Amino acid sequence: MHTALPESAAVHNEPSPINIGITIRSFRLQRGMSQGDIEKRTGLLRCYLSRVENGHTVPSLDTLQKIAGAMEMPLSHFFAEDPVKEVPGVTLSEEEIRFLTQVQRYSAHLTESDRRLLLAMVRKFAATATTSIS
């Protein structure tokens, strides 16, 4: 017998639609940049950037590429399912970013108790790996 998931559970498995304006603003602020900084680097008017960030207009891919270039980041970061926040002083490889993104996706629905258990397991694996390398 097959039981369907409750509607609320099914909704959690679907990716949320991307709000490109909020995404652009988030990356811009992470980099400590103003709309004026983006304007200077792209030639796009600040009022246009404001309209994009506030969801009043949707930029073309060419325009998104200009904005991404101004922030010195790949265009693909705007469309990542679970954007990885940049942490100053920490550099991750593409493989590490993919791994952490998967962990984030799967751990989003864990209880606090399960998160503590998962973290304890990771610590144990890390300690074992460190001692086996020595």
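These remarks concern the structure in this document. (Residues numbered from 1 in each chain as written. Predicted model: local features only at pLDDT ≥ 70, side-chain atom pairs only at ≥ 80, totals over all residues. Heavy atoms only, no water.)

Focus: the overall build of the chain
Moving on, step 1. A tally of helices and strands in the chain yields seven helices and zero strands.
Moving on, step 2. When the helices and strands of the chain are listed from N to C terminus, the series reads α-α-α-α-α-α-α.
Moving on, step 3. Across the 134 residues that make up the chain, the buried fraction comes to 20%.
Moving on, step 4. Considering only residue pairs separated by 6 or more positions, the chain has 51% of its internal contacts joining residues 24 or more positions apart.
Moving on, step 5. Accessible area of the chain: about 10,100 Å², with a carbon and sulfur share of 58%. (Helix = DSSP H or I, 4+ residues; strand = E, 2+ residues; numbered from the N terminus. Buried < 20%, exposed > 50% of the residue type's maximum accessible area, 1.4 Å probe, protein only. Contact = heavy atoms within 4.5 Å. Areas by Shrake-Rupley, 256 points an atom, 1.4 Å probe, with all protein chains shown as cover.)

Let's talk about the packing of aromatic side chains
Moving on, step 1. Counted by the stated rule, this structure contains one aromatic pair.
Moving on, step 2. Measuring from ring centre to ring centre gives 6.0 Å for Phe27 and Phe78, while their planes differ by 50°; the resulting arrangement is tilted. Taken as a pair, Phe27 in helix H2 (residues 20-30) and Phe78 in the loop between helix H5 (61-70) and helix H6 (94-107) lie far apart in primary sequence, 51 residues in all. Both residues of the pair, Phe27 and Phe78, count as buried. (Phe/Tyr/Trp six-rings, centres within 6.5 Å; stacked < 30°, edge-to-face > 60°.)

Some details on a nonpolar patch on the surface
Moving on, step 1. A cluster of nonpolar side chains, namely Phe99, Leu100, Val103, Leu110, Leu118, Leu119 and Val122, defines an oily patch on the protein surface of about 550 Å² accessible area.
Moving on, step 2. If you list the elements that add at least two residues to the nonpolar patch, you get H6 and helix H7 (112-133).
Moving on, step 3. In this fold, Leu119 is placed in helix H7.
Moving on, step 4. Residue class for Leu119 comes out partly exposed when judged on its relative accessible area of 42%. (Patch = residues over 30% accessible without salt bridge, like charges linked within 9 Å, V, L, I, M, F, W, Y side chains within 5 Å. Salt bridge = Lys/Arg side-chain N within 4 Å of Asp/Glu carboxyl O.)

A word on helix H3 (residues 35-42)
Moving on, step 1. Of all the residues in H3, the buried ones are Gln35, Gly36, Ile38 and Thr42. End-on view of H3: buried residues confined to an arc of 160°, all on one side of the axis. Opposite the buried face of H3, by more than 90 degrees, sit the exposed residues Lys40 and Arg41.
Moving on, step 2. With a side-chain oxygen lying 3.2 Å from the backbone nitrogen of Gly36, the N-terminal cap of H3 falls on Ser34. (Arc of directions from axis to C-beta. Polar contact = N/O pair within 3.5 Å; in protein donor to acceptor, adjacent residues only side chain to side chain.)

Section: the environment of Ser34
Moving on, step 1. By secondary structure assignment, the location of Ser34 is in the loop between H2 and H3.
Moving on, step 2. For the pair formed by Ser34 and Arg46, sequence separation is twelve residues and the distance between their alpha carbons is 9.3 Å.
Moving on, step 3. In this structure the side chain of Ser34 is engaged in a polar contact, spanning 3.2 Å, whose partner is the backbone nitrogen of Gly36.

Considerations on the packing of H3 against H5
Any two packed helices are characterised by the angle at which their axes cross and by the distance between the axes.
Moving on, step 1. Contact pair H3 / H5: the axes reach a minimum separation of 9 Å and the direction vectors enclose 110°. Our classification of the angle between H3 and H5 gives roughly perpendicular. When you trace H3 past H5, the crossing you get is right-handed. Residues Ile38, Arg41 and Thr42 of H3 lie in contact with H5, whose contacting residues are Lys66, Ile67 and Ala70. (Axes fitted to C-alpha atoms, helices over the stretch in contact; angles between N-to-C directions. Parallel < 35°, antiparallel > 145°, perpendicular 65-115°, else oblique. Left-handed = near helix turned anticlockwise from the far one by under 90°.)

A short note on unusual backbone geometry
Moving on, step 1. The backbone of Glu72 sits at a positive phi, close to 55°, despite the residue not being glycine.
Moving on, step 2. Relative to the helices and strands, Glu72 is located in the loop between H5 and H6.
Moving on, step 3. Assessed through its relative accessible area of 68%, Glu72 is described here as exposed.

Spatial relationships are all this shows, so hold off on functional conclusions.
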